[in-house]
Amino acid sequence: MIRMKWTAWLLAVAIIGGSSAQAAAAGKRLIITFKSGTGAEKRQRVLEALGAKPVTEILSNDTQRQFVAVVAESSMALDVLPKDASIDKVEEDYKIRWIEAMPTFNAPSASFKELGLTKFTQSGFQTAAFRSEIPWGVARVKAPAAWDYSEGAGVRVAVIDTGIDSTHRDLQAKVDGGVNAITDCERVECWQDDNGHGTHVSGTIGAQRDNRGVVGVAPKARLYAVKVLDAEGSGQLSDVIKGIIWAANNNMQVANMSLGSPVPSETMQRALKYAKARGVIVVAAAGNSGSSVGYPGAYPETIAVSASDWNDNIASFSSRGDEVKFIARACRSCRRRWAGTTRASRGPRWPRRTSRVWPRWPCRRAGGVSTARTACWPRSKRPPCRW
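(A) Geometry of the overall build of the protein chain. Check the secondary structure of the protein chain and you find 9 helices and 15 strands. Burial status across the protein chain gives 51% buried among its 387 residues. Intrachain contacts of the protein chain at a sequence separation of at least 6 include 72% that bridge at least 24 residues. Per element, the accessible surface of the protein chain, about 18,300 Å² overall, is 52% carbon and sulfur.

(B) Representation of the pairing of strand E10 (residues 254–257). Residue alternation in E10 divides its side chains into two sets, Val 254 and Asn 256 and Ala 255 and Met 257, and both sets are buried. Pairing of strand E6 (residues 156–161) with E10 involves 3 bridges; the strand directions are parallel. Directly across from Val 159, in E10, lies its bridge partner Asn 256. Pairing between E10 and strand E11 (residues 281–285): 4 bridges, direction parallel. Each residue of the ladder has a partner; that of Asn 256, found in E11, is Val 283. What joins E10 to E11 is helix H7 (residues 266–277), and the crossover it makes is right-handed.

(C) Region of interest: helix H5 (residues 197–206). With 9 of 10 residues buried, H5 lies mostly within the body of the structure. Among the residues making up H5, those that are buried are His 197, Gly 198, Thr 199, Val 201, Ser 202, Gly 203, Thr 204, Ile 205 and Gly 206.

(D) Main features of the pattern of salt bridges. In this structure the tally under the stated criterion is 16 salt bridges. For Lys 28, the salt bridge goes to Glu 92, with nearest N and O atoms at 3.8 Å. Here Lys 28 is found in strand E1 (residues 28–34), whereas its partner Glu 92 is found in strand E4 (residues 87–92), with 64 residues between them in sequence. Classification of Lys 28 as partly exposed rests on a relative accessible area of 49%. Among the salt bridges present, the one from Arg 187 reaches Glu 189, with a minimum N-O distance of 2.7 Å. For the pair Arg 187 and Glu 189, a shared accessibility class is recorded, and that class is exposed. Each of Asp 62, Arg 65 and Arg 278 takes part in one network of salt bridges that share partners.

(E) Region of the structure containing the sheet that holds strand E3 (residues 68–74). Pairing in this open sheet of 4 strands is antiparallel, and the strands run E2-E3-E1-E4 from one edge to the other. Single-partner strands in this sheet number two, and they are strand E2 (53–59) and E4. This sheet shows a mean twist of 20° between the axes of neighbouring strands, independent of strand direction. The pairing of E1 with E4 spans 5 bridges and is antiparallel. Residue pairing for E4: Ile 31 is matched across the bridge by Glu 91. Taken strand by strand, helix H2 (residues 40–50) contacts E1, E2, E3 and E4, and its axis lies near 25° from that of E3. Set on the sheet, helix H6 (residues 237–249) makes contact with E1, E2, E3 and E4; between it and E2 the angle comes to about 30°.

(F) Here's a closer look at the sheet that holds E10. On the basis of which strands lie adjacent, the open sheet formed by 7 strands has the order E7-E8-E6-E10-E11-E12-E13 and parallel pairing. On the outer flanks of this sheet lie strand E7 (175–180) and strand E13 (324–329), each paired with one strand and no other. Mean inter-strand twist for the sheet, computed between neighbouring axes without regard to direction, equals 25°. Pairing geometry for E6 and strand E8 (residues 222–227), over 6 bridges, is parallel. Across the sheet, residue Asp 161 finds its bridge partner in E8, namely Lys 227.

Rules used throughout
Residues numbered from 1 in each chain as written. Predicted model: local features only at pLDDT ≥ 70, side-chain atom pairs only at ≥ 80, totals over all residues. Heavy atoms only, no water. Helix = DSSP H or I, 4+ residues; strand = E, 2+ residues; numbered from the N terminus. Buried < 20%, exposed > 50% of the residue type's maximum accessible area, 1.4 Å probe, protein only. Contact = heavy atoms within 4.5 Å. Areas by Shrake-Rupley, 256 points an atom, 1.4 Å probe, with all protein chains shown as cover. Pairing = 2+ DSSP bridges. Right-handed = clockwise from strand over helix to strand, strands pointing away. Salt bridge = Lys/Arg side-chain N within 4 Å of Asp/Glu carboxyl O. Axes fitted to C-alpha atoms, helices over the stretch in contact; angles between N-to-C directions.

Purely geometric stuff here, so don't read any function into it on its own.
Structure representation (structure tokens):
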């Protein structure tokens with residue numbers, strides 16, 4: 001009996017030790033970006049020299065503007081990797097949570113009169129959002145005033161997020177396709193939303209106008225699900241980059257990125273430059289840190305959007321800085337699960353708004369902070385932000 005216990009114990013140690021050795025041998029995931037024109041054979045030789053095992057490739061389909069990257073596993077540390085003239089950049093392929101939680105606001109247990117909010121009535125405040133299919137934020141940016149001119153018909157919007165629930169009643173027949181960048185699968189079942197965030201974003205962008213549920217800012221825009229995050233809202237840097245490249249390769253006109261990281265990435269910025277060169281307008285959340293703008297929003301290739309409250313002041317939780325190009329309505333009472341700049345970027349309403357002004361882009365600001373006009377204003381004449 002004792003001998004059997006010792007045998008079982010030694011077997012367990014061997015299994016644990018073997019697993020640890022395999023993990024150590026696998027090393028870190030790296031994103032190796034190659035210079036334009038580097039062929040497949042050359043990339044393979046470089047990987048062999050680095051002792052790296054390829055996992056997947058991220059390739060552009062534009063021969064004039066090439067983006068070539070390989071995601072690989074290597075046991076070598078970044079600072080000791082051998083140099084090669086064909087390599088442009090090597091970065092660690094980190095995995096983090098890209099969807100930030102907004103601080104929860106708990107309303108004090110007092111009447112509006114006691115709070116000094118005499119212009120509101122309790123009944124009106126609670127029921128206003130249920131009087132029509134137009135959500136508070138959509139009405140706040142005066143989107144309905146633009147619908148006589150454009151509802152975003154035919155504009156292709158990529159939602160780079162957790163996927164889209166294409167069976168949702170407000171999004172039925174709205175989603176024309178997509179991809180799961182995590183698994184490299186384009187089948188419908190692959191890019192369905194297992195978190196809810198991407199579906200919420202998509203509804204704000206383009207929920208259909210049918211007198212039920214809610215309506216989006218651009219109800220006739222066409223949506224594409226680019227799933228780069230898992231059910232927890234986490235994802236590899238390489239998958240986010242892959243999603244950007246997919247949007248550019250597939251001729252998206254607008255890409256929404258209601259996500260962010262505190263860590264910069266040269267490779268991600270290169271992907272954004274490629275997307276911009278292909279004519280993609282990338283709208284990104286500034287962040288919910290209350291401090292500096294996160295990435296990709298901090299890059300000049302994106303339109304970074306901060307969040308405002310119901311008084312048109314910047315929300316206390318919203319990230320801020322010179323990188324911010326617009327402030328948009330994000331919450332009324334700041335109690336909703338997905339309030340914040342992640343909500344503001346989706347369209348307080350920016351893919352919605354950009355999907356209406358797309359044919360006249362580029363421009364810095366459209367109608368200022370407090371309206372949603374579709375006229376493009378030059379930088380020298382744009383109205384000031386209300387911070």
